[in-house]
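# Secondary and tertiary structure notes
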Amino acid sequence: MSQEGPGHRILFSEAKSRLGERIISNINNCGSLVRQVVRGSRSNEMLSQCLKNFVNHEASIENTQANINKIAVLNASILQPVEIKSD
């Protein structure tokens, strides 16, 4: 039987860390957008660029979450006891 080792925990913690970094990046991008709109300098261009970045990050976050869920299901199936059939 397999047991959950430190490798699995590291994998999940790295994925969660990257997800958190992307969320922080999105928040910072939105802050940049607000600052630019307040200044009135190239606000339309900045709004378009920020929106594109946000959409790209959102898709990446969704894909990362889906991958984490798949890994969790795989991990759970690996950790299940194996039935040994004897004839």
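Our subject is the structure that appears above.
Keep in mind it's a predicted model, so treat the numbers as computed, not measured. (Residues numbered from 1 in each chain as written. Predicted model: local features only at pLDDT ≥ 70, side-chain atom pairs only at ≥ 80, totals over all residues. Heavy atoms only, no water.)

Turning our attention to the overall build of the chain. Scanning the chain for helices and strands turns up 2 helices and 0 strands. A burial count over the chain gives 15% of its 87 residues as buried. A separation of at least 24 residues holds for 76% of the contacts in the chain among residues at least 6 apart in sequence. Carbon together with sulfur atoms contributes 56% to the accessible area of the chain, which is approximately 7,100 Å² in total. (Helix = DSSP H or I, 4+ residues; strand = E, 2+ residues; numbered from the N terminus. Buried < 20%, exposed > 50% of the residue type's maximum accessible area, 1.4 Å probe, protein only. Contact = heavy atoms within 4.5 Å. Areas by Shrake-Rupley, 256 points an atom, 1.4 Å probe, with all protein chains shown as cover.)

A surface patch of nonpolar side chains, amounting to about 260 Å² of accessible area, comprises Leu51, Phe54 and Val55. Structurally, Phe54 can be placed in helix H2 (residues 43-79). (Patch = residues over 30% accessible without salt bridge, like charges linked within 9 Å, V, L, I, M, F, W, Y side chains within 5 Å. Salt bridge = Lys/Arg side-chain N within 4 Å of Asp/Glu carboxyl O.)

We now examine the environment of His8. As for its position among the elements, His8 is in helix H1 (residues 6-39). A C-alpha to C-alpha distance of 9.5 Å links His8 and Ala72, two positions 64 residues apart in sequence.

The next subject is the state of the cysteines. Taken as a whole and assessed by the stated rule, the structure comprises 0 disulfides. With no disulfide partner, Cys30 has as its closest neighbouring cysteine sulfur the one in Cys50, 4.9 Å distant. Using a relative accessible area of 32% as the deciding quantity, one classes Cys30 as partly exposed. For Cys50, a relative accessible area of 7% corresponds to the buried category. (Disulfide = S-S within 2.5 Å.)

Here we come to the environment of Asn26. Along the polypeptide, Asn26 turns up in helix H1. With relative accessibility at 6%, the residue Asn26 sits in the buried group. For Asn26, the contacting residues outside a window of four places in its chain are Asn53, Phe54, His57 and Ile61.

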